[in-house]
Amino acid sequence: MRGVNRVMLIGNLGKDPDVQVLEGNIAVAKFPLATTETFKDRSGKLVSQTEWHTVVLWRGLAELAQKYLHKASLVYIEGRLRTRSWEDKDGHRKFATEVVGDNLIMLDKRMDGNSGAAPEGEHGPEMPLGDPSESLPF
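Residues numbered from 1 in each chain as written. Predicted model: local features only at pLDDT ≥ 70, side-chain atom pairs only at ≥ 80, totals over all residues. Heavy atoms only, no water.

**Observations concerning the overall build of the chain**
If you tally the helices and strands in the chain, you get one helix and six strands. In sequence order, the secondary structure elements of the chain are arranged as β-β-β-β-α-β-β. Looking at the chain as a whole, 35% of its 138 residues are labelled buried. Contacts in the chain between residues far apart in sequence, at least 24 positions, make up 58% of those at least 6 positions apart. (Helix = DSSP H or I, 4+ residues; strand = E, 2+ residues; numbered from the N terminus. Buried < 20%, exposed > 50% of the residue type's maximum accessible area, 1.4 Å probe, protein only. Contact = heavy atoms within 4.5 Å.)

Here's what the structure looks like:
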């Protein structure tokens, strides 16, 4: 039996996407995404718990993120988890787990002509993303 590696998140960007263009004119975007859930504790008090995720988008999705997304944008991201490792300058092994997105839907409503969000009542473009073999430069 095959495994399943699928992630679906709805959250807000923690900062503007960091976009770099690699050799071969391949764009890659990286940004933090906050997902918050609210629940009542035993005493009935509302508690909010926020998780931060690092999202990586490649090619067309990276270009879309650069053009339309900004800090606090509300988005739906679908993709897979990827953990990568490297050695820091002191020789210590470091790990990072990221969400490699292959579907993006912008959920912000358009406020004015310059907001960059999807038109009111519509979701943003959905674009499939190829499976990149390149490793991240950052």
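**A word on unusual backbone geometry**
When glycine is set aside, most residues are seen to have a negative phi, and most peptide bonds are trans. One non-glycine residue, Arg59, lies in positive phi territory at about 50°. The phi dihedral of Ala72 is positive, around 80°, even though this residue is not glycine. Within the fold, Ala72 resides in the loop between α1 (59–68) and β5 (74–87).

**Section: the pattern of salt bridges**
If you walk through the whole model with that rule in mind, you get six salt bridges. In this structure, Arg6 engages Asp102 in a salt bridge whose closest nitrogen and oxygen atoms are separated by 2.8 Å. With a gap of 96 residues between them, Arg6 in the segment before β1 (7–13) and Asp102 in strand β6 (residues 93–106) connect regions that are remote in the sequence. On the basis of relative accessibility, which here comes to 41%, the residue Arg6 falls in the partly exposed class. In this structure, Asp88 engages Lys94 in a salt bridge whose closest nitrogen and oxygen atoms are separated by 4.0 Å. Taking the relative accessible area as the measure of exposure, Asp88 reaches 22% and is therefore partly exposed. Among the charged side chains, a network of salt bridges with common partners joins Lys30, Arg82, Arg84 and Glu98. (Salt bridge = Lys/Arg side-chain N within 4 Å of Asp/Glu carboxyl O.)

**Observations concerning the side chain of Thr35**
Mapped onto the fold, Thr35 is located in strand β3 (residues 26–40). Within the structure, the side chain of Thr35 is placed 2.8 Å from the side chain of His53, a separation counted as a polar contact. (Polar contact = N/O pair within 3.5 Å; in protein donor to acceptor, adjacent residues only side chain to side chain.)

**Focus on α1**
Regarding α1, the residues found buried are Leu61, Ala62, Leu64 and Ala65. Take α1 and look down its axis: the buried residues cluster within an arc of 160°, on one side only. Away from the buried face of α1 by more than 90 degrees, exposed residues Gln66 and Lys67 are located. Where the residues of α1 are buried, they touch β2 (18–22), β3, β4 (46–58) and β6. (Arc of directions from axis to C-beta.)

**What to know about the confidence of the model for the chain**
Summary statistics for the chain give a mean pLDDT of 86 and a share of 79% for residues scoring 70 or more. Scored below 50 in pLDDT, residues 115–138 shows 64 contacts in the model against residues more than four places distant or in partner chains. (pLDDT = per-residue confidence, 0-100.)

**What about the nonpolar core?**
Counting residues in hydrophobic clusters, the biggest one holds 19 residues, and the most contacted among them are Phe31, Leu33, Leu57, Leu69, Ile77 and Leu104. Sorting the residues of this core by element identifies β1, β3, β4, α1, β5 and β6 as the ones contributing at least two each. (Core = buried A, V, L, I, M, F, W, Y, C linked by side-chain atoms within 4.5 Å.)

**Brief notes about the environment of Ile26**
The topology assignment puts Ile26 in strand β3. The class of Ile26 is buried, set by a relative accessible area of 16%. Ile26 sits 37 residues away from Glu63 along the chain, and the two C-alpha atoms are 9.4 Å apart.

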